[in-house]
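The primary structure of each chain is shown beneath.
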Amino acid sequence: MQEVCHLLTPSVRPGLDWADAHRCQGFEPWSSRHRSWQHFPSNMIFQPHSDRTKALMESSIPVLLCAALHLSMVSYGLTQPGSAEEFQFLATQGFVKLSAMQEMRSSPVFVSEEWAHVLAWDLFVGRYVYLDGLAKKIPTPHSLFFTFLLGPLGLTMHLITRAVVLKDASSLTKL
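All values derive from a computational prediction rather than experimental measurement.

### A closer look at the packing of aromatic side chains
Per the counting criterion, the structure on display carries 2 aromatic pairs. Between the aromatic rings of Phe145 and Phe146, the centroid separation amounts to 5.2 Å while the plane-to-plane angle is 85°, which identifies the pairing as edge-to-face. A relative accessible area of 45% places Phe145 in the partly exposed class. For Phe146, a relative accessible area of 27% corresponds to the partly exposed category.

As structure tokens, then:
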């Protein structure tokens, strides 16, 4: 259990409860290290016009930090025993069969990599929604909330909001 405790939370790994997680060396689910990503979406939703939020989100630093987290998860995964077989399985089966993706979810390393992937992608899309909203003076908190909760549905909500606010249905087809 020690080798995956620092990568996963109990909600992601079946059989690992909070009591087990707290016994893992160095595992602190509510530490600033695990919560640091949350500042990006929170600031965009609750403090969209703050100079600090604008400066941070206009830079590519938040997305690059999440990409670095993703790279570290992939790098760690590739060093684990059996990773070559898991990667081959993913490459040959994972992209064509839903059942293969379900099977991959039993791998703690895969789940960790996918978690980092989702965080990076959601932040990338959320940053686009936020900056587009600022530039066009469109309200974005609801779209950002759904982007970080449900991914593509938040982007869709933003495109619809933009079309309504700008009274331009053609903007639905433009990113």
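### Structural notes on the side chain of Thr140
With respect to the secondary-structure elements, Thr140 resides in the loop between helix H9 (108-136) and helix H10 (141-150). With residues up to four places along the chain from it excluded, the contact list for Thr140 reads Val129, Gly133 and His158.

### Things to note about the pattern of salt bridges
What the rule picks out here adds up to 2 salt bridges. Linking Asp132 and Arg162 is a salt bridge whose minimum nitrogen-to-oxygen distance equals 3.0 Å. With a gap of 30 residues between them, Asp132 in helix H9 and Arg162 in helix H11 (residues 152-166) connect regions that are remote in the sequence. Each member of the pair, Asp132 together with Arg162, is buried.

### What to know about unusual backbone geometry
Not every positive phi belongs to a glycine, and Lys137 is a case in point at roughly 55°. Mapped onto the fold, Lys137 is located in the loop between H9 and H10. We note that Lys167 has phi near 55°; this positive angle belongs to a residue other than glycine. With respect to the helices, strands and loops of the structure, Lys167 is situated in the segment after H11. Lys167 sits in the exposed class, given a relative accessible area of 77%.

### Regarding the packing of H9 against H11
Contact geometry for H9 and H11: axes closest at 10 Å, N-to-C directions at 10°. As judged from the angle between their axes, H9 and H11 are roughly parallel. In this structure, H9 uses Val125, Tyr128, Val129, Asp132, Gly133 and Lys136 to contact H11, whose residues at the interface are Leu155, His158, Arg162 and Leu166. In the contact of H9 with H11, the residues fall into 5 nonpolar, 2 polar and 3 charged.

### Considerations on the environment of Thr92
Within the element layout of this structure, Thr92 appears in helix H7 (residues 83-94). Polar side-chain contacts of Thr92 include one of 2.8 Å to the backbone oxygen of Gln88.

The rules behind each value
- Residues numbered from 1 in each chain as written.
- Predicted model: local features only at pLDDT ≥ 70, side-chain atom pairs only at ≥ 80, totals over all residues.
- Heavy atoms only, no water.
- Phe/Tyr/Trp six-rings, centres within 6.5 Å; stacked < 30°, edge-to-face > 60°.
- Buried < 20%, exposed > 50% of the residue type's maximum accessible area, 1.4 Å probe, protein only.
- Helix = DSSP H or I, 4+ residues; strand = E, 2+ residues; numbered from the N terminus.
- Contact = heavy atoms within 4.5 Å.
- Salt bridge = Lys/Arg side-chain N within 4 Å of Asp/Glu carboxyl O.
- Axes fitted to C-alpha atoms, helices over the stretch in contact; angles between N-to-C directions.
- Parallel < 35°, antiparallel > 145°, perpendicular 65-115°, else oblique.
- Nonpolar A, V, L, I, M, F, W, Y, C, P; charged D, E, K, R; others polar.
- Polar contact = N/O pair within 3.5 Å; in protein donor to acceptor, adjacent residues only side chain to side chain.

Honestly, it's all geometry; don't read function into it.
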